Amino acid sequence: MHDDLKGLLQQALQTAALGLYLTDPNPRVGCVITGSNGSILGQGHTQQAGGAHAEVMALRNARERGHSVTGATAYVTLEPCSHFGRTGPCCDALIAAGISKVYAAHTDPNPLVAGQGFARMRAAGIQVEVLDPQDLLAMQSRELNIGFFSRMLRKTPWVRMKIAASLDGKTALPNGESQWITSPEALADGHAWRARASAILTGIGTVLSDKPRLDVRLVETPRQPHLVVVDSRLQTPLNSPIFMAGRKLFIYAAVEDCAKAAALAAKGATVIYLPGSDANGAPSAKVDLAALLRDLGRREINELHVEAGHKLNGSLVREGLVDEFLVYLAPKLMGQGADMANFGPLTELSQALPLTFQSTAMVGPDLRILARTAELGAF
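By convention here, each chain's residues receive numbers from 1 onward along its written sequence. Only residues with pLDDT of 70 or above have their local features reported here, since the model is predicted, and side-chain atom pairs are shown and tallied only from 80 upward, although totals for entire chains, interfaces and linings are computed over all residues. Heavy atoms throughout the structure, all of them, feed into the side-chain values; hydrogens and water do not.

Secondary structure elements follow DSSP: runs of H or I no shorter than four residues count as helices, runs of E no shorter than two count as strands, and numbering proceeds from the N terminus. Helices and strands together make up the secondary structure of the chain, namely eleven helices and 16 strands. Computed over the C-alpha atoms, the radius of gyration of the chain is 23 Å, within 12% of the 21 Å expected from 2.2 N^0.38 for a compact globule of 379 residues. Expressed along its principal axes, the backbone C-alpha trace of the chain runs to roughly 65 × 45 × 40 Å. Within the span of the chain, comprising 379 residues, buried residues form 51% of the whole. When contacts within the chain are restricted to residue pairs at least 6 apart in sequence, long-range pairs at least 24 apart make up 69% of them. What sets the accessible areas is the Shrake-Rupley method with a 1.4 Å probe; for residues, cover comes only from the shown protein chains. In the form shown here, the chain has an accessible surface area of approximately 17,000 Å², with 53% of it arising from carbon and sulfur atoms. Taking the average location of the 36 positive side-chain charges in the chain and that of its 35 negative ones, the two points are 5 Å from each other. We compute the radius of gyration from the C-alpha atoms alone; for a globule the expected value is 2.2 Å times N to the 0.38, where N is the number of residues. The buried label applies to any residue whose accessible area, calculated with a 1.4 Å probe on protein chains only, is under 20% of its type's maximum; exposed applies above 50%, and partly exposed to all values in between. Note on definitions: a residue-residue contact is assigned when non-hydrogen atoms from the two residues lie within 4.5 Å. Note on charges: Lys and Arg go in the positive column, Asp and Glu in the negative column, and His and the chain ends are not counted at all. Charged side chains are reduced to one point each, which is NZ for Lys, CZ for Arg, CG for Asp and CD for Glu.

As structure tokens, then:
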């Protein structure tokens, strides 16, 4: 694929990124349609769930601009879908519109598609070309939809743990004070990462001590992510700020309390019992965190944004359930206090969790680090 074609796919990727906070649980997809002379006839990105996908938006945009797309070329960041979900198949829309060529950055990982969209278009006479999965643009398309790929291929969300800490790794003083270690700029940046997630996860300790809302307030967003609370004994207060209209609230418990569960349900929460097992295989008083992730996958959660205390953080790390860490380090030392994640103790350095730095950036006076445990090639 020559540079001009890749340039148009790059533009489609930029268009797809406009849906970063919008499309969940659908993937963020962009489409650019060009005429025979290379002029852009229409472009668009996937809308909110139940709304039009990128291909339909681009066709609509071309029509609104008075352009015919017969014989035109479409550049899409992900394979056009071939199944009936909340909307009709996008491959059929391109066929019906008279598109003659389709260049795609990546195959759709959804088992209901997974090459069938390409096959249907080829059968209709459309010339289809797909980038190698190792091509930079293909990897960018996958990275933009990392949670969608995770859910489709692993059946669990992509788990991103956000931590705000001092330079010596402390997230709170010994008395529990933690607001605010990092700057307002870092706080706003963290809200942008919240906004792209399908759901935010926290623990009952944070709910009780910080009385948080855990919503998106500091950046504009068309949707609020769902909230997930690990609350083994159903201690969530009925007057907690976490109850909010317009978003789903999932509370995972290990110990049954029918009266409290009914009261929480009356407030709009969905209570799910997922007790783990002790060494003898008997139900424990702790939530099975691996089962929680599988359940969230079934509930169409793509990206899970964790904002919890050192105990729950430690449990998630200990069980190997974290894919990447989003860490904000403030230029200050706190000495004693709560750590980022309470796990271990380790007896050998070889037992330490290996990470790969993905990126670093200054956010106000603070340093933002994105470090990954999982490799995209692993799924």
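Here the narrative resumes.
Any two of the Phe, Tyr and Trp rings considered here, Trp counted by its six-membered ring, make a pair once their centres fall within 6.5 Å; the pair's planes then place it as stacked at under 30 degrees, edge-to-face at over 60, or tilted in between. Enumeration according to the criterion identifies one aromatic pair in this entry. Here Y75 and Y103 contribute two aromatic rings whose centre-to-centre distance is 5.3 Å and whose plane-to-plane angle is 15°, an arrangement assigned as stacked. Taken together, the positions of Y75 in strand β3 (residues 73–76) and Y103 in strand β4 (residues 101–104) put the pair 28 residues apart, joining distant regions of the chain. Given a relative accessible area of 4%, Y75 falls into the buried group.

A general trend in soluble globular proteins is that nonpolar side chains are found buried together. Nonpolar cores were defined as sets of buried Ala, Val, Leu, Ile, Met, Phe, Trp, Tyr and Cys residues, with membership established by side-chain atoms within 4.5 Å. Residues L201, Y252, L292 and L316 are the most contacted members of the largest nonpolar core, which totals 34 residues. A per-element tally of this core places helix α10 (residues 289–298) first, with five residues. Each residue touching Y252, except ones within four places of it in the same chain, is listed here: V228, V229, V230, D231, S232, I272, L274, V287, L292, D295, L296 and R299. Residues C31, I33, V102 and A104 belong to the second largest nonpolar core, which totals 30 residues.

Looking along the chain, the bond that leaves Q179 and enters W180 is cis, with omega of -5°. The linkage connecting G344 with the following residue, P345, adopts the cis geometry, with an omega of 5°. The topology assignment puts P345 in the loop between β14 (324–330) and β15 (356–363). Of note, A114 is a non-glycine position whose phi angle comes to about 40°, a positive value. Structurally, the position occupied by A114 is in the loop between β4 and α4 (116–123). Here K155, not a glycine, exhibits a phi torsion of approximately 70°, which is positive. For K155, the position within the fold is in the loop between α6 (146–154) and β6 (158–166).

Moving on, we get to the layout of surface pockets. Grid points spaced at 1 Å over the protein atoms alone were grouped into cavities, where a 1.4 Å probe fits but cannot get out, and pockets, open sets with protein on both sides within 12 Å along at least five of seven lines, with lining residues defined by an atom within 4 Å of a point. Grid points are joined across faces, edges and corners, and a volume is the space filled by probe spheres set on the points. In this structure, the largest pocket encloses a volume near 1,400 Å³. Taken together, 48 residues make up the lining of the largest pocket; nearest its centre are G205, T206, A308, G309 and H310. Mapped onto the lining of the largest pocket, the elements with two or more residues apiece are β6, α7 (184–196), α8 (204–210), β12 (283–287) and α11 (310–318). It is α11 that contributes the most residues to the lining of the largest pocket, six residues altogether. Looking at the second largest pocket, its volume works out to about 400 Å³. Together, 22 residues line the second largest pocket, and N26, P27, H53, H83 and N110 are the ones closest to its centre. Examining the composition of the lining of the second largest pocket, we find that three residues originate from one element, α6, more than from any other. Residue polarity follows a fixed list, in which Ala, Val, Leu, Ile, Met, Phe, Trp, Tyr, Cys and Pro are nonpolar, Asp, Glu, Lys and Arg are charged, and the others, Gly among them, are polar. Per-class residue counts for the lining of the second largest pocket are nine nonpolar, seven polar and six charged.

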